[in-house]
Amino acid sequence: MDNSPVVAQADPSLPSDTQENALLVGTAVSSDSPGKERVGSDFDRQMMQRCLELARRALGRTSPNPLVGAVVVKDGEIVGEGFHPRAGEPHAEVFALRAAGVGARGATIYVSLEPCNHYGRTPPCSEGLIAAGVAKVVVGMVDPNPLVAGAGIARLRGAGIEVLVGVEEAACRQLNEGFVHRILHKRPMGILKYAMTLDGKIATSSGHSAWVTSQDSRSEVHQLRSSCDAVIVGGNTVRQDNPYLTSHQVGGHNPLRVVMSRHLNLPENAHLWETASVGTLVLTEVGANPNFQEMLLKHGVEVVELASLTPDQAMDYLYKRGFCSVLWECGGTLAASAIAQGAVQKVLAFIAPKIIGGSNAPTPVGDLGFTTMTQALSLERVRWRVIGVDCLVEGYLRQKSE
Ligand code: AOF
Ligand code: ZN
């Protein structure tokens, strides 16, 4: 991966999260939320945005680590840049310091996440910054990792380095929401994505669903997949839709494709069993259909037997595998149990201006056992965006512990 210094400019290959036709409701990805004071100067914010741009180059590839970018500035000029490419490799600051060389002495370094202060897979960046002789460190957000959690900032200040914290904090937090969730809750962040017609159906009564939304929305989904570590469906989706679940992006990251199936009553031939370029994991229960398991293994599909196949157990397994974000692209029955078990934190609902009707046509979320409207789950931090002819509603489910 190219981690060489680059001139500060917008990268046209990166997805813009501020679409021209975006219609924002609520707080969304703004550091300028009402009541929140802006931290830093315009230049500071510009440099932190550059850090985020650099960090995004490793989108989907850093788990269990966060996405981090760093920029070294001397006399108002960028003299070094870097980002964290993947777990086990040096942190963003190390690449940026290397690129800056002797220019780092007396310089300001911008970094989207607090520099670490511990020996993990790599040595502490705080010591590296002190040794390089930087004069000032500008931090996007405090690292929620208990191994760091303010200790990096304290170490730098203790060494007499000026530290400014919280520049473009909301945007930094948003970029690493999966990492933050993983650290705080010991589970990957679950994102439920579905596409439905204006009358709330995800397929016709006969199960046909290609396609509910427009090409623009589907491209958005492909981008979303490339930022996630795994995408999960149930057996029904494999039988009905025979999906690929790839990000369809040249050079882009593909999430691990995960199928949850208790009895492995799945088709012998499915796109998901083609694993030459993208991996598939089938989660099932102990002892399920050994012949079918054998067939899957021959195709290079991974099979893992869990004691009990529930969304929560699936998320626990994926957490242990080091994942930060998991996309639920399943049908209504699995979606309902994922929601009920707290495996969904964020919802992305694409709504197409189409009506299909059908009193038995499937809907995005099955039975949650609610009987009155007061029990409805309300989304928070809601954002409405127009995507081509469709609409995307994004929001967060309140967590039980919050
Ligand atoms: C990163 N990249 O640029 C920064 C991180 O095991 P290690 O040594 O890679 O440490 C991982 C932790 O380091 C990670 O959980 C986060 O708390 C902290 N900072 N991590 O992967 C970076 N600055
Ligand atoms: Zn570090």
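Residues numbered from 1 in each chain as written. Chains lettered and ligands numbered in written order. Predicted model: local features only at pLDDT ≥ 70, side-chain atom pairs only at ≥ 80, totals over all residues.

Caption draft 1: Focus on the overall build of the protein chain. Tallying secondary structure elements over the protein chain gives eleven helices and 15 strands in all. In terms of overall dimensions, the protein chain is globule-like: its C-alpha atoms have a radius of gyration of 22 Å, near the 21 Å expected for 402 residues. Across its three principal axes, the protein chain shows a C-alpha extent of roughly 65 × 45 × 40 Å. Classification of the 402 residues of the protein chain by burial places 43% in the buried group. (Helix = DSSP H or I, 4+ residues; strand = E, 2+ residues; numbered from the N terminus. Rg over C-alpha atoms; globule rule 2.2 N^0.38 Å. Buried ≥ 20, exposed ≤ 12 C-beta atoms within 10 Å, placed from the backbone.)

Caption draft 2: Highlighting the sheet that holds strand 6 (residues 162–165). In spatial order, the strands read 3-2-4-5-6; together these five strands make up an open sheet with mixed pairing. The open sheet is flanked by strand 3 (77–83) and strand 6, the only strands paired with a single partner. Ignoring which end each strand starts from, the neighbouring axes of this sheet average 15° apart. Sheet analysis places strand 4 (residues 108–113) next to strand 5 (residues 136–141), joined by five bridges and oriented parallel. Residue pairing for strand 5: Ile109 is matched across the bridge by Val137. Strands in contact with helix 4 (residues 151–158) are strand 5 and strand 6; relative to strand 6, the strand with the most contacts, it is inclined by about 150°. (Pairing = 2+ DSSP bridges. Axes fitted to C-alpha atoms, helices over the stretch in contact; angles between N-to-C directions. Contact = placed C-beta atoms within 7 Å.)

Keep in mind these values describe shape, not function.
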